[in-house]
Amino acid sequence: MKEISDRRSIRKYKEDAVNKADIEIILKAGILAPSAKNRQPWKYYVYAGSEKNKLLECMEIGLVRERDGNKLLPNSQNGLPDAFNTLRIMKEAPILIIIENTNGLYPYSEIDADNRVTEICDTLSIGASVQNILLTATELGYGTLWIANTCFTYDELVNFIDIKGQLVGAISLGVPNEVPNQRPRKEFDEVVEFR
């Protein structure tokens, strides 16, 4: 597909609004993804306007807490500058889509092997759904950024959104205001073995 080679991670957005009908098309593509045991473990929360601003205020509080106080990820502090930059990107994007694993458990608790395997399978399923979303958005002329930096402010965001499952991440969506070059890829022979 052309969209696979054309898709880029967009970090600059125009102020243009995103058509609600296009958002629905994009999310319906995500819903069509395959999932382990057909569990369809995804739920998407779409934020725009003042609700998006409230969400990001909450995220900023969490990032400051992570930087200055009680750290959820004490060994990952070198990723905080990037998380603050991601917050800036999220503020610029007109639409944010929050991703929940409806079957997921709190990521900072111990779980048994059976639940861990289920969680891995559901996360892979959500990845397939997100990829459908990214490619469909690209096809419609939008830019996206798949965001994992929500991990630093996990508790604040889960409480604000009132998620019962597991917060997986977010996607920013909007009209791109940049045309980045394709990022380098590993060589085919480095990542593929025929046996």
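Q: I tried to follow the sheet that holds strand β4 (residues 166-174) on my own but got confused; where do I start?
A: The strand order across the open sheet built from 4 strands is β1-β2-β4-β3, with neighbouring strands paired in antiparallel fashion. Lying at the two open borders of the sheet, with one neighbouring strand each, are β1 (42-48) and β3 (143-147). Between one strand and the next, the sheet's axes are offset by a mean angle of 20°, whatever the strand orientation. Where β1 meets strand β2 (residues 95-101), 7 bridges bridge the pair, whose relative direction is antiparallel. Residue pairing for β2: A48 is matched across the bridge by I95. Packed on one face of the sheet, helix α3 (residues 49-68) meets β1 and β2 and runs near 110° to β1. Docked against the sheet, helix α5 (residues 113-139) engages β1, β2, β3 and β4, running at close to 45° with respect to β1.

Q: What should I look at first to understand the packing of aromatic side chains in this one?
A: Two aromatic rings, taken as a pair, are described by how far apart their centres are and by the angle between their planes. All chains considered together, the criterion is met by 3 aromatic pairs. Site record: aromatic cluster; members linked through ring pairs are Y106, Y108 and Y154.

Q: What's the story with the nonpolar core in this structure? I'm lost.
A: A general tendency of soluble globular proteins is for nonpolar side chains to be buried together. The biggest cluster of nonpolar side chains holds 28 residues, and the ones touching the most others in it are I98 and I161. Residue assignment for this core shows that the elements contributing at least two residues are β1, α3, α4 (80-92), β2, β3, α6 (154-161) and β4. Discounting chain neighbours no more than four positions away, the residues touching I161 are Y45, Y47, L55 and I98. If you look at the next biggest cluster of nonpolar residues, it comprises 19 residues, including I23, W42, I97 and I126.

Calculation notes
- Residues numbered from 1 in each chain as written.
- Predicted model: local features only at pLDDT ≥ 70, side-chain atom pairs only at ≥ 80, totals over all residues.
- Heavy atoms only, no water.
- Pairing = 2+ DSSP bridges.
- Helix = DSSP H or I, 4+ residues; strand = E, 2+ residues; numbered from the N terminus.
- Axes fitted to C-alpha atoms, helices over the stretch in contact; angles between N-to-C directions.
- Contact = heavy atoms within 4.5 Å.
- Phe/Tyr/Trp six-rings, centres within 6.5 Å; stacked < 30°, edge-to-face > 60°.
- Core = buried A, V, L, I, M, F, W, Y, C linked by side-chain atoms within 4.5 Å.
- Buried < 20%, exposed > 50% of the residue type's maximum accessible area, 1.4 Å probe, protein only.

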